[in-house]
Amino acid sequence: MTATYDAIVVGGGHNGLVAAAYLARSGAKTVVLEGRHKTGGAATTESPWPDAPEFKVTRLSYVMSLLPPTIIKDLELDRHGYKIYPMGPYYQAFPEGGSIKLYADDAKRNHESVSKWSKKDADAMPKWDAWLAGLADVLGPLLLTVPPAIGSRKPRELAATLKLAWRNRGLDVRTIADVTRLMTMSIADLLDDWFESPEVKGALAVNGVIGTWAGPYEPGTAYVMAHHSIGDVGDGHLGNWGFQEGGMGAVSNAIELAARSHGAEIRINAPVARILVEGGRAAGVVLANGDELRAKTIVSTLHPRTAFLEQVGPENLPADFTADIERWKTRSGVVKINLALAELPDFIADPGVELQEHHTGSVEMAPTMEYIERAFQDAREGKAAVRPFSDGVIPTAFDKTLCPEGNHIMSLFTQWVPQDWNLEPHTEELEAYADRMIDCYNELAPNFKASILHRDIVGPYEMEQEYGLIGGNIFHGELSLEQLFHMRPAPGFADYRTPVPGLYYGSSATHAGGGVCGIPGWQAAKAAISDKKASKRSRRS
Ligand SMILES: Cc1cc2nc3c(=O)[nH]c(=O)nc-3n(C[C@H](O)[C@H](O)[C@H](O)COP(=O)(O)OP(=O)(O)OC[C@H]3O[C@@H](n4cnc5c(N)ncnc54)[C@H](O)[C@@H]3O)c2cc1C
């Protein structure tokens, strides 16, 4: 069977859906091909317990921050169900007693909270926030910039590089120095420059290691912190994150509804086996069942190894590009643990099972820098962390749609297990790892373990096999310095185009991805639409 479209989008994760929405909005007859039984990819809401379908979890990604207002507005996502509850404070209780809360948007309360641990750090906090805000002013717009092919002598690329330099002409020596520090330092060293209290530093280090195959002492982790601190949820507060009502799958669903409203067709259970290249151009795709679909424009949003090495094939790609994708770093060591709870954690430091402010934000397990580093070193040495790191959240503090009244859902984003656990299920070891993780929280909130009704553990093997996240990396590729901006996913191809004319690339492995930000899908669609217009113009002339 052969069907013909103007545009085919491979992958129905949120980026694929964004690309389809923009392509369809431009008038292209567009189809999305999703391999799983549902769209959303890593932004998905699921019921993992067949005997308790009333409990729904955001199985992988869990909080929103980076989706730009332009996309929300263009696609009218509010109309399609996009609804965010801004999160409460970062919260860390300590085994030795006491707790700390960090507020993204309340300097006075932040000062009070941090003062309990260090007056000096409390006084430094507003300056730190201002410093980060200054850097976000530089880095934020870069997220929406198409990286030029730095070093290229083609007039178009030279013009793009000069334009970028011109746009940043206002930067002074100090700002450049600060950006350099941010890009090259470890989060531990950076925080040492600013703060003295181990408790404050532990809490602030969380964003530096999220999803990263690196402990807090590794160079480059300062940038990971910045990546997670740039966005806001549309409320204007830097670094603020929020919960989507209905879980992250509802974000994907809102984008899917937008795409459909513009006429896009969405096919699920439609795994793509190959991308057809004819006469050096993208010509269509072949599904796993042998069906062929043809289009002159194809946008892939799959992991780069799958998209290029398996589906396009090295025979259709330049050797240096193939080598770059073969060398692409895609480790992570992340395990997601989703829990259904009978009641909220009753912390020794802040007692009570009734809903309180500290339940409404991140409930961390990152008491000190050394704790986080030890968890990474365990995995580096080849075993799962003995005392894992966790970024926990309880979305049902706000969102009443995920489980029955009185119960709660808790999502634990935990690290690290060895980087090669994507190759085998490691089921028993993951169960033991989850037990240890739960024990760590139980030390702080002794009702925790007994309150767990159901648990769901998603390790790197399942992330790779079921969701296509090769290596278990949560961003389709590490956010390490050599894989950022003009290097993402490969030098010379960071403009959402590929070596194959007609084939565009818009997964999280491009600039501004990772995260549920939609920017890669949006940029890939824009590149395709702009090339189409240019080719029409040149045919006319
Ligand atoms: C555990 C975890 C926690 C995270 N937490 C957060 C968070 O809290 N906030 C945040 O912003 N980001 C988070 N992220 C990152 C974020 O979820 C991803 O960067 C983003 O969702 C990726 O979107 P995508 O559309 O680029 O790719 P994907 O979501 O991976 O979509 C690709 C799609 O392609 C499909 N596919 C694969 N192979 C084929 C094939 N052969 N044919 C057809 N379809 C195929 C897949 O099924 C999938 O639907 C997290 C990720 C993980 C894994």
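Everything discussed here concerns the structure shown above.
Residues numbered from 1 in each chain as written. Predicted model: local features only at pLDDT ≥ 70, side-chain atom pairs only at ≥ 80, totals over all residues. Heavy atoms only, no water.

Re the site of the ligand
The ligand sits among 34 residues. The nearest are E34, V63, V272, H476 and V516. A distance of 2.9 Å is found between an oxygen atom of the ligand and a side-chain nitrogen or oxygen belonging to N15. Between the ligand and the protein, one listed contact pairs an oxygen atom with a backbone N or O atom of G41 at 3.3 Å. Its residues placed into classes, the shell around the ligand shows 16 nonpolar, 16 polar and two charged. (Near = heavy atom within 4 Å. Polar contact = N/O pair within 3.5 Å; in protein donor to acceptor, adjacent residues only side chain to side chain. Nonpolar A, V, L, I, M, F, W, Y, C, P; charged D, E, K, R; others polar.)

Description of the sheet that holds strand 12 (residues 281–287)
Taking strand neighbours across the sheet as the criterion, the four strands line up as 1-13-12-11 in an open arrangement whose pairing is mixed. In this open sheet, the two strands that pair with only one neighbour each are strand 1 (2–4) and strand 11 (272–278). Between one strand and the next, the sheet's axes are offset by a mean angle of 25°, whatever the strand orientation. Pairing geometry for strand 1 and strand 13 (residues 292–294), over three bridges, is parallel. Following the sheet pairing, A3 is matched in strand 13 by L293. (Pairing = 2+ DSSP bridges. Helix = DSSP H or I, 4+ residues; strand = E, 2+ residues; numbered from the N terminus. Axes fitted to C-alpha atoms, helices over the stretch in contact; angles between N-to-C directions.)

A look at the side chain of Q523
With respect to the helices and strands, the residue Q523 is situated in helix 16 (residues 519–540). Under the relative-accessibility criterion, Q523 is labelled buried at 2%. Aside from chain neighbours lying at most four places away, what touches Q523 is L144, T145, V146 and Y496. (Buried < 20%, exposed > 50% of the residue type's maximum accessible area, 1.4 Å probe, protein only. Contact = heavy atoms within 4.5 Å.)

Re the environment of P216
Turning to its location among the elements, P216 is positioned in the loop between helix 8 (198–209) and helix 9 (221–227). The exposure class of P216 is buried, given its relative accessible area of 0%. Spatially, the C-alpha atoms of P216 and V206 are 8.7 Å apart, while their sequence positions differ by 10 residues. Aside from chain neighbours lying at most four places away, what touches P216 is S186, I187, A188, V209, T221, M369, I372 and E373.

A word on the layout of surface pockets
Its volume calculated, the second largest pocket comes out at about 550 Å³. For the lining of the second largest pocket, the secondary structure elements donating two or more residues are helix 4 (119–143), helix 5 (155–167), helix 6 (173–184) and helix 9. Classifying every residue of the lining of the second largest pocket gives 18 nonpolar, seven polar and one charged. (1 Å grid on protein atoms, 1.4 Å probe; cavity = no way out; pocket = protein on both sides within 12 Å on 5 of 7 lines; lining within 4 Å. Points joined across faces, edges and corners; volume = space filled by probe spheres on them.)

Focus: a positive patch on the surface
Taken together, the side chains of R281, K296, K532, K533, K536, R537, R539 and R540 define a basic patch exposed on the protein surface. Of all the elements, helix 16 adds the most residues to the positive patch, at six residues. (Patch = residues over 30% accessible without salt bridge, like charges linked within 9 Å, V, L, I, M, F, W, Y side chains within 5 Å. Areas by Shrake-Rupley, 256 points an atom, 1.4 Å probe, with all protein chains shown as cover. Salt bridge = Lys/Arg side-chain N within 4 Å of Asp/Glu carboxyl O. Lys, Arg positive; Asp, Glu negative; His and termini not counted. Charge placed at Lys NZ, Arg CZ, Asp CG, Glu CD.)

Looking at the sheet that holds strand 16 (residues 362–365)
Here seven strands make up an open sheet; going across it, the order is 8-7-16-17-18-15-19 and the pairing mixed. If you trace the sheet from one side to the other, it starts and ends with strand 8 (99–102) and strand 19 (452–458), each paired once. The average angle at which neighbouring strand axes cross in this sheet is 20°, direction not considered. Across eight bridges, the pairing between strand 15 (residues 334–341) and strand 18 (residues 408–415) is antiparallel. Within strand 18, the residue paired with I337 across the bridge is L412.

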